[in-house]
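The residues making up each chain are set out below.
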Amino acid sequence: METMVSFPIRKTLHSRLAEIDLADPGFGQTPTDHMFLAEFAGGEWRDPHLEPFRDLSLSPFTLALHYGQTVFEGMKAFRQTDGNIAIFRIDKHYQRFTHSLERMCMAVPPYEWFEQGLRELVRLDQAWVPHEPEAALYLRPFMIASESRLGMKASDEYLFLIVAAPAGRYYARPLQVKVETGFIRAAPGGTGAAKCGGNYGGSLYPTRQARAEGFDQVLWTDGLQREYLEESGTMNVMFVVDQVLITPPLSGTILDGITRDSILTLARDQGLAVEERPIAWRELERAMQSGRVEAFGAGTAAVIAPIEWIQFGENGYACYTGEDAWMYRFKNALNAVRRGEAPDVHGWNSRVDLG
Ligand SMILES: *Cc1c(COP(=O)(O)O)cnc(C)c1O
């Protein structure tokens, strides 16, 4: 049942839809015509509404600009084969949003606003949802600390926005990654499991170094021993070794990826053995020396990103990327549910009322 909240809507008089090639939209380059916006101040949420996409006006004293209280989500709305549009796993994204906000000492918007804000935005900008099977509408709910003040403290005021952009393929080709044993992304007790801005700012420099060495991404290792594999870029990582799907556990230092969770569920449905457990890079290297290993990244933006090469210090090895690889089966199974071509047995799709 759809919750019934409705928000004031101000529609644009100048749609920018004609400026974009929906068949080849790139990733998140062009915002759709509208956005959702709400404010938290004086201890309460207020003024939820939709309006034409616009720039924000912020004081240079805005707390988010100095002390990093920012949290985001990344989700997608998919065009289904019958022309309907469905948003993928709203409740699980809200759950993670809440978790990230609490870790960052930020106010939590009501679930009804999150859900209905997404639904209304997608309904208003429905013409922006691509029909291409590899494309979708990327949805970005996010929050920033908006109180104007230079002293370091948890903000008493927040802005909650939802913006959207058509998104095609994220990576054009399989990735070559390097196991990172110097820099770390997160440490136990830190903010690694929160989708907060600072985690990404801190990852840019090591990633740039890896690019200069000819790799696309780093494969992070744990912050204590630099031994156990964690994740890569904005993706969880998964391996198939001897017909077992292996992925690092939710230890508190990696994101609880919704793509990760969906693939684990589909793999279990298909009868594949699944292990969520620590995996040392030495173990992975040995497995790659002696047999066939599949490796891939899993995230909303990239969906499934095949990894074709993993570098361990001086030694590197090719991963299996043949047509019969499990990762393509997972990708097809996931896409089939999202597009309404396979039964949605887990209740992941929220159909948008397009009227
Ligand atoms: C968003 C994100 C993921 C993937 O999560 P999904 O819910 O599958 O999109 C994984 N790792 C990091 C660091 C992320 O930011």
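What counts, and where the lines are drawn
Residues numbered from 1 in each chain as written. Predicted model: local features only at pLDDT ≥ 70, side-chain atom pairs only at ≥ 80, totals over all residues. Heavy atoms only, no water. Helix = DSSP H or I, 4+ residues; strand = E, 2+ residues; numbered from the N terminus. Rg over C-alpha atoms; globule rule 2.2 N^0.38 Å. Buried < 20%, exposed > 50% of the residue type's maximum accessible area, 1.4 Å probe, protein only. Areas by Shrake-Rupley, 256 points an atom, 1.4 Å probe, with all protein chains shown as cover. Lys, Arg positive; Asp, Glu negative; His and termini not counted. Charge placed at Lys NZ, Arg CZ, Asp CG, Glu CD. Core = buried A, V, L, I, M, F, W, Y, C linked by side-chain atoms within 4.5 Å. Contact = heavy atoms within 4.5 Å. Expected span 1.5 Å × (residues − 1). Pairing = 2+ DSSP bridges. Phe/Tyr/Trp six-rings, centres within 6.5 Å; stacked < 30°, edge-to-face > 60°. Lys NZ or Arg CZ within 6 Å of the ring centre and 35° of its normal. Near = heavy atom within 4 Å. Polar contact = N/O pair within 3.5 Å; in protein donor to acceptor, adjacent residues only side chain to side chain. 1 Å grid on protein atoms, 1.4 Å probe; cavity = no way out; pocket = protein on both sides within 12 Å on 5 of 7 lines; lining within 4 Å. Sits in = over half its atoms within 2 Å of the grid points. Nonpolar A, V, L, I, M, F, W, Y, C, P; charged D, E, K, R; others polar. Axes fitted to C-alpha atoms, helices over the stretch in contact; angles between N-to-C directions. Parallel < 35°, antiparallel > 145°, perpendicular 65-115°, else oblique. Salt bridge = Lys/Arg side-chain N within 4 Å of Asp/Glu carboxyl O.

Enquirer: Any chance you could explain the overall build of the chain here in plain terms?
Expert: For the chain, the count of helices and strands is seven helices and 17 strands. Since a compact globule built from 355 residues should have a radius of gyration of about 20 Å, the 21 Å found for the chain is in line with a globular shape. For the chain, the spread of C-alpha atoms along the principal axes amounts to about 60 × 55 × 35 Å. With 355 residues in all, the chain has 54% of them scored as buried. Accessible surface, the chain as shown: approximately 15700 Å² in total, 50% of it carbon and sulfur. Taking the 35 positively charged and 46 negatively charged side chains of the chain as two groups, their mean positions are separated by 2 Å.

Enquirer: Looking at this structure, I do not really get the nonpolar core. What am I missing?
Expert: Proteins that are soluble and globular tend to have nonpolar side chains buried together. In this structure, Ile87, Val122 and Leu139 are the most contacted members of the largest nonpolar core, which totals 46 residues. Per-element tally for this core: the top contributor is strand β7 (residues 158-167), with seven residues. Non-local contacts of Ile87, meaning those with residues more than four positions away in its chain, are made with Met75, Lys76, Ala77, Leu118, Arg119, Val122, Leu139, Trp348, Asn349, Ser350 and Val352.

Enquirer: Any chance you could explain helix α2 (residues 90-103) here in plain terms?
Expert: Counting along an α-helix, one turn takes 3.6 residues, and residues three or four places apart therefore face a common direction. The terminal C-alpha atoms of α2, which comprises 14 residues, lie 20 Å apart, in line with the 20 Å expected from a rise of 1.5 Å per residue. Buried residues of α2: Ile90, Lys92, His93, Tyr94, Arg96, Phe97, Thr98, Ser100 and Leu101, and no others. At the exit of α2 stands Cys105, carrying a positive phi of roughly 60°.

Enquirer: Is there a simple way to think about the pairing of strand β11 (residues 235-241) in this case?
Expert: A regular strand carries its side chains on alternate faces of the sheet. With seven of its seven residues buried, β11 lies for the most part within the structure. Here β11 shows two buried faces, one formed by Met235, Val237, Phe239 and Val241 and the other by Asn236, Met238 and Val240. Alignment of strand β10 (residues 231-232) against β11, held across two bridges, turns out to be antiparallel. Within the sheet, the bridge partner assigned to Ser232 lies in β11 and is Met235. Between the antiparallel neighbours β10 and β11 lie two residues, among them Gly233 with a positive phi of about 60°. Note: β11 against strand β12 (residues 244-247), three bridges, orientation antiparallel. Looking across to β12, one finds that Val240 is bridged to Leu245.

Enquirer: Looking at this structure, how should I read the packing of aromatic side chains?
Expert: Within a pair of aromatic rings, the relevant descriptors are the distance that separates the centres and the angle that separates the planes. Across all of its chains, the model carries 23 aromatic pairs by this definition. Three or more aromatic residues joined by ring pairs make a cluster, and in this case those are Phe7, Phe36, Phe40, Trp45, Tyr94, Phe97, Tyr111, Trp113, Phe114, Tyr158 and Phe160. Against the face of Tyr320 rests Arg292, its NZ or CZ located 3.6 Å from the ring centre. One residue, Arg338, lies across the ring of Phe88, its end atom 4.4 Å from the ring centre.

Enquirer: Is there a simple way to explain the site of the ligand in this structure?
Expert: Near the ligand you find 15 residues, and of these Lys195, Tyr200, Glu231, Thr259 and Thr300 are the closest. Within the side chain of Lys195, an N or O atom sits 2.7 Å from an oxygen atom of the ligand. Note that a nitrogen atom of the ligand is positioned 2.6 Å from one of the side-chain N or O atoms of Glu231. Taking 380 Å² as the accessible area of the ligand by itself, protein coverage stands at 98%. Judged by its atoms lying within 2 Å of the grid points, the ligand is housed in the largest pocket. The set of elements that each furnish at least two residues to the shell around the ligand consists of β11 and α5 (258-269). Grouping the constituent residues of the shell around the ligand by class yields four nonpolar, seven polar and four charged.

Enquirer: Can you help me understand the side chain of Thr62 in this one?
Expert: Tracing the chain through its elements places Thr62 in the loop between β2 (44-52) and α1 (63-67). Within the structure, the side chain of Thr62 is placed 2.5 Å from the backbone oxygen of Ser59, a separation counted as a polar contact. Ignoring anything within four residues of it in the chain, the contact list for Thr62 reads Ala145, Ser146, Glu147 and Ser148.

Enquirer: I keep staring at the packing of α5 against helix α7 (residues 326-338) and nothing clicks. Help me out?
Expert: A pair of packed helices can be characterised by two numbers: the angle between their axes and the separation between those axes. It is at 10 Å that the axes of α5 and α7 come closest, and there the two elements cross at 100°. As judged from the angle between their axes, α5 and α7 are roughly perpendicular. Counted together, Thr259, Ser262, Ile263, Leu266 and Ala267 of α5 and Phe330, Ala333 and Leu334 of α7 form the full contact between these two elements. Here the residues of the contact of α5 with α7 are counted per class, giving six nonpolar, two polar and no charged.

Enquirer: Can you walk me through the environment of Thr253 in this structure?
Expert: Relative to the helices and strands, Thr253 is located in the loop between β12 and α5. Distance in space between the C-alpha atoms of Thr253 and Tyr170 is 24 Å, their sequence separation being 83 residues. Once residues lying within four places of it in the same chain are set aside, the contact partners of Thr253 are Arg185, Ala186, Ala187, Pro188, Gly192, Ala193, Glu230 and Glu231. Within the structure, the side chain of Thr253 is placed 2.7 Å from the side chain of Glu230, a separation counted as a polar contact.

Enquirer: Explain the pattern of salt bridges here, please?
Expert: Between side chains of opposite charge, a pair can form as their charged atoms come close. Per the counting criterion, the structure on display carries 23 salt bridges. The closest approach of N and O atoms between Glu73 and Arg96, which form a salt bridge, is 2.7 Å. Taken together, the residues Glu73 in the loop between β3 (70-72) and β4 (75-79) and Arg96 in helix α2 connect sequence positions 23 residues apart. Notably, a salt bridge pairs Asp216 with Arg173, separated by 3.4 Å at the nearest N-O pair. In this pair, Asp216 sits in the loop between α4 (197-212) and β9 (217-220) while Arg173 sits in the loop between β7 and β8 (175-180), placing the two residues 43 residues apart along the sequence. Classification of Arg173 as partly exposed rests on a relative accessible area of 49%. Several salt bridges converge on common partners, so that one network encompasses Arg10, Glu51 and Arg54.

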